[in-house]
Amino acid sequence: MLRINDILDKAQAYLPAEELEMIQKAYIYSATVHQGQVRLSGEPYLTHPMEVAGMLVDMKMDSATIISGLLHDTIEDTLTTREQIEQEFGKDVAFLVGGLTKLSRISFGSQEERQAENFRKMILAMSADIRILLVRLADRIHNMRTLQYQKPDRREYIARETMDVYAPLANRLGINWMKMELEDLAFQYISPEAYQELDTRVAKSQESRNRYTEEVKGIIFRELEKVSIRGEVEGRAKHLYGIYKKMHEQRINFDEVYDVIAFRIILESDIDKTCYEALSIVHALWKPVPGRFKDYIAMPKANNYQSLHTAVIGPYGERVEIQIRTRSMHEWAEKGIAAHWRYKEGRAFQDHEDNQIKKLREALEIQQEIKNPKEFMSNLKLALFPEEVYVFTPHGDVKSFPKGATPVDFAYSIHTDVGHQCTGAKVNRSIVPLRYQLQNGDQVEIITQAGHHPSKDWLKFVVTSRAISKIRNWVNAEEKNSSLTLGKDLLEKEFRRNNLKFSTYLKSDEIRKVLSEYSLQTLDDLISQVGYGRISAKQVVNHFLAAEAPKEPEAPPDKAKKKSAAPSLGISLTGIDDVMVKFAKCCNPIPGDEIAGYISRGRGIVVHTQKCPHLQRLDAERIVDVNWDVREKHAYPVHIKVVCTDRKGVITEVSSAISSFDVNISSARVETTDMIANLMFVIDVYDTQQLNAIFSAIRQLKIVHSIERISKG
């Protein structure tokens, strides 16, 4: 266990004595209030805040941040109040600890809603003070280091949340070591078999790789010395998730990953020109690989990362990746925003640091407009999307966008009105379609027309959370107006059909009962729900017919019969009767998947998996809760892809593994490239449990590199 003296020894190198005393006081306070509490590992609870504080002092954070690390769970997990924290440690610490406290004492309808609201609270707090996010990242790292003590389902849930949100957050802050550790720890629990296999293969090749690393380092160092360029050369294996991601994206096996070792030249000079001089020496030594040079010094990444990247054909014909940067660039690359922390009076952030925080806040704060928890989490992940392209405005300014961004995303980044009125775009002075995907170095010009409005189809190809949010808001407003008109028309017709006058009931007590039953606030809400198809006009009229009918005892309606259409397909619907149910062809949900229903126009409820990308782009107001209600077994089609070594009989070998589970293979095809075979199957399974068993059997085959479930598209 980390000791308080270890923390104080490191802190005294840069903090005054009076602040060290406050850190010691916080340690004693935390030990007192957490006394008797233990973690799932059986260790005293105090080990957790101590480890968090230890990471913060390693990052050379200010005393308030370190103290907050020691106290971050006190309000949530003990009887301590924010007022007590403020009285003992001041307003600054009280604000930070308050911002770090999760909403654990509030009741939520679902785990997803709780998750969304906790992130929303954290974003609001970090908008005022980014230190909250740094403590939260340190907290998450230690929780991930001890994740093995959680239950299996909690492990995977926490690991996925870490991979989707926390690792990208660390990346946006430029803290590389945090990003890599979070990714590797999450990878270990999300894909344990792939992690273990890759870990074993990397370990096996370590001895020969170390010899090769030392040889290349020596060659580079001697060549730099010849021209009096001072610096150091590092060489180390890439982190496991980075290797796995490259194998997965490029569909290659481990032996084909040429840059398992990444070399780094760190120059003592802080002059950018020296980096280019070192680059010319490397390119004189070994032939560069075409298309593999990236200049992040002239055009830094969105998180202010700067470096030159190149790949060369090194000794023995091996491809080698080399990064070249100055010492200050390296400090930023590894520690990000934490490398240049300023909280002392009169010591402001440098412009590039302030801009980095501003960009992150802008990216996250726009999410505050989104009320639906699923949509909020989806957009939050988009806002943190790590891969970027860099394009130019007509005036030469550089803008960064997620990979796959379009001219429409560019237009909305300028102004909402520019996005709404966008009719076309020029890229490099040539007209391009609005769905054109921007490339690095493109110069983009937006063509607008006053009075033009966005199209719902834009949601199919825009990728930035800002564009999606603005388009969806406009579409929702338009659809609400349309639904009001349609809903009123449907209600008036249904009332007339039953010899009732709609206008006479608008202010009656009975209409208020209808609103209360459907948990609606206003009459417009009711009319909109009818227009959307969520409530039928007949249901509303029946309330008034029942109110005017003679009061006779009658048997309660058989709700089970009303819902007969749904259970036959294995689906139960929340609060919706007599409605047609279909399964979405894009994601083919099966029992065991988390699902949601979309109220379509004329096709009833279309059921998607909650992770389906098509569902994320649909109108959130039309999404309803649905659940599996399987009373008899049905076979459901699932599309799977198996990547394996190409050899004779490969499709037979994999098919036999599938058929051993007595499931039907309704389709099979194979594509081969460079000794790799991509096998695509459509199989009929009963549920996710059976599918997982099939996946496990296929992974046992030595020829198999990976297996995944895919969308039909």
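Enquirer: Where do I start with the packing of helix H2 (residues 17-33) against helix H6 (residues 82-89) in this structure?
Expert: Between two packed helices, both the angle of their axes relative to each other and the distance between the axes serve to describe the pair. The interhelical angle for the contact between H2 and H6, taken along N-to-C directions, is 145°, at an axis separation of 11 Å. In this structure, H2 crosses over H6, and the sense of that crossing is right-handed. Contact residues: Met22, Lys25, Ala26 and Tyr29 in H2; Gln84, Ile85, Glu88 and Phe89 in H6. Partitioned by chemical class, the residues of the contact of H2 with H6 number five nonpolar, one polar and two charged.

Enquirer: Honestly, the sheet that holds strand E20 (residues 676-685) in this entry has me stumped. Any pointers?
Expert: Note: strands within a sheet are paired through backbone hydrogen bonds, in either parallel or antiparallel orientation. Taken in spatial order, the four strands line up as E19-E20-E18-E21 in an open sheet, and their pairing is antiparallel. Whereas interior strands pair on both sides, the edge strands pair on one side only; in this sheet they are strand E19 (664-673) and strand E21 (704-709). Averaged over all pairs of adjacent strands, the angle between their axes in this sheet comes to 20°, without regard to strand direction. Bridge analysis of strand E18 (residues 636-645) against E21 gives five bridges, and the strand direction is antiparallel. Bridged to Val642 within E21 is Ile707. Along the sheet, helix H27 (residues 650-659) makes contact with E18, E19 and E20, crossing E20 at roughly 25°.

Enquirer: Looking at this structure, I do not really get the side chain of Asp593. What am I missing?
Expert: On the secondary structure map, Asp593 appears in the loop between strand E13 (581-583) and strand E14 (595-599). Exposure remark for Asp593: the relative accessible area of 14% places this residue in the buried category. Here Ile590 takes part through its backbone nitrogen, which lies 2.9 Å from a polar atom of the side chain of Asp593. A polar side-chain atom of Asp593 sits 2.6 Å from a polar atom in the side chain of Arg709. When neighbours within four sequence positions are excluded, Asp593 is seen to be in contact with Asn588, Thr609, Trp628, Thr688 and Arg709.

Enquirer: I tried to follow the nonpolar core on my own but got confused; where do I start?
Expert: Across soluble globular proteins, you tend to see nonpolar side chains buried next to one another. Core analysis: the biggest nonpolar cluster contains 65 residues, and Ile23, Leu71, Ile85 and Leu137 have the highest contact counts within it. Residues contacting Ile85, with those up to four places away along its chain left out, are Tyr29, Leu71, Thr74, Ile75, Thr80, Gly90, Val93, Ala94 and Val97. Formed by 25 residues, the second largest nonpolar core is a distinct cluster that contains Tyr412, Leu438, Ala467 and Ile471.

Enquirer: Quick question: what am I supposed to make of the packing of aromatic side chains here?
Expert: The geometry of two aromatic rings is summed up by the distance between their centres and the angle between their planes. This structure, assessed with the given rule, holds 11 aromatic pairs. Here the aromatic rings of Phe187 and Tyr195 are separated by 5.5 Å at their centres, their planes lie at 75°, and the arrangement is edge-to-face. Across the pair, exposure class does not vary: Phe187 and Tyr195 are buried alike. Connected via pairs of aromatic rings, a cluster forms that spans Phe187, Tyr195, Tyr241 and Tyr244. For Lys25, the ring lying beneath its charged end belongs to Phe89, and the centroid distance is 5.3 Å.

Enquirer: What is the right way to read the pattern of salt bridges from this model?
Expert: If charged atoms from side chains of opposite charge come close, those side chains can pair. According to the stated counting rule, one finds 24 salt bridges in the structure shown. Close ionic contact of Glu193 with Arg699 constitutes a salt bridge, the shortest N to O distance being 3.7 Å. Note that Glu193 is positioned in helix H12 (residues 192-204) and Arg699 in helix H28 (residues 688-699), a separation of 506 residues in sequence. For Glu193, a relative accessible area of 41% puts it in the partly exposed group. Note that Arg211 and Glu207 form a salt bridge whose closest N and O atoms lie 3.4 Å from each other. Residue Arg211 and its partner Glu207 are located together in helix H13 (residues 206-226), separated by four residues, close to a single helical turn. For the residue pair Arg211 and Glu207, the accessibility class agrees, reading exposed in each case.

Enquirer: Can you help me understand the sheet that holds strand E11 (residues 444-448) in this one?
Expert: Spatial strand order, E10-E9-E11: three strands in an open sheet with antiparallel pairing. One side of each edge strand has no neighbouring strand; the edge strands of this open sheet are strand E10 (430-432) and E11. When strand polarity is set aside, the average angle formed by the axes of neighbouring strands in this sheet is 35°. Sheet contacts for helix H19 (residues 407-414): strand E9 (422-427), E10 and E11; angle to E11, the most-contacted strand, approximately 80°.

Enquirer: How should the environment of Asp687 be read in this particular structure?
Expert: As for its position among the elements, Asp687 is in the loop between E20 and H28. Judged by its relative accessible area of 24%, Asp687 falls in the partly exposed class. In this structure the C-alpha to C-alpha distance between Asp687 and Val638, which are 49 residues apart in sequence, comes to 9.8 Å. Once residues lying within four places of it in the same chain are set aside, the contact partners of Asp687 are Ile590 and Pro591. In this structure the side chain of Asp687 is engaged in a polar contact, spanning 2.9 Å, whose partner is the backbone nitrogen of Gln690.

Enquirer: What is the right way to read the confidence of the model for the protein from this model?
Expert: When pLDDT drops low, the exact placement of atoms in the prediction is not to be read closely. Residues of the protein with pLDDT of at least 70 account for 81%, and the chain-wide mean is 81. Between residues 557-568, whose pLDDT stays under 50, and residues either more than four places distant or in other chains, the model counts 12 contacts. Contacts from residues 574-578, a stretch scored under 50 in pLDDT, to residues over four places away or in other chains number eight contacts.

Enquirer: Got a minute to help me understand unusual backbone geometry in this structure?
Expert: A negative phi holds for most residues other than glycine; trans holds for most peptide bonds. We note that Ser228 has phi near 60°; this positive angle belongs to a residue other than glycine. Tracing the sequence through the fold places Ser228 in the loop between H13 and strand E1 (231-237). Taking the relative accessible area as the measure of exposure, Ser228 reaches 64% and is therefore exposed. Of note in this structure, Asn588 is not a glycine but carries a positive phi near 45°. Relative to the helices and strands, Asn588 resides in the loop between E13 and E14.

Enquirer: Sorry, what's going on with the packing of helix H1 (residues 4-11) against H2 here?
Expert: Two numbers describe how H1 lies on H2: the axes approach to 10 Å, and their chain directions differ by 160°. Classified by the angle their axes make, H1 and H2 are roughly antiparallel. Crossing hand, H1 versus H2: right-handed. From H1, Ile4, Ile7, Leu8 and Ala11 reach across to H2, where they touch Leu20, Ile23, Gln24 and Tyr27.

Enquirer: Would you mind going over the pairing of E14 with me for this structure?
Expert: In terms of burial, E14 is a largely internal element, five of the five residues being buried. Neither face of E14 is open: one carries Ile595, Gly597 and Ile599, the other Ala596 and Tyr598, and all of them are buried. Two strands pair when backbone bridges link them, and E14 and strand E15 (residues 605-609) are joined in this way by five bridges, in the antiparallel orientation. Counterpart to Ile599 in the pairing with E15 is Ile605.

What counts, and at which threshold
- Residues numbered from 1 in each chain as written.
- Predicted model: local features only at pLDDT ≥ 70, side-chain atom pairs only at ≥ 80, totals over all residues.
- Heavy atoms only, no water.
- Axes fitted to C-alpha atoms, helices over the stretch in contact; angles between N-to-C directions.
- Helix = DSSP H or I, 4+ residues; strand = E, 2+ residues; numbered from the N terminus.
- Left-handed = near helix turned anticlockwise from the far one by under 90°.
- Contact = heavy atoms within 4.5 Å.
- Nonpolar A, V, L, I, M, F, W, Y, C, P; charged D, E, K, R; others polar.
- Pairing = 2+ DSSP bridges.
- Buried < 20%, exposed > 50% of the residue type's maximum accessible area, 1.4 Å probe, protein only.
- Polar contact = N/O pair within 3.5 Å; in protein donor to acceptor, adjacent residues only side chain to side chain.
- Core = buried A, V, L, I, M, F, W, Y, C linked by side-chain atoms within 4.5 Å.
- Phe/Tyr/Trp six-rings, centres within 6.5 Å; stacked < 30°, edge-to-face > 60°.
- Lys NZ or Arg CZ within 6 Å of the ring centre and 35° of its normal.
- Salt bridge = Lys/Arg side-chain N within 4 Å of Asp/Glu carboxyl O.
- pLDDT = per-residue confidence, 0-100.
- Parallel < 35°, antiparallel > 145°, perpendicular 65-115°, else oblique.

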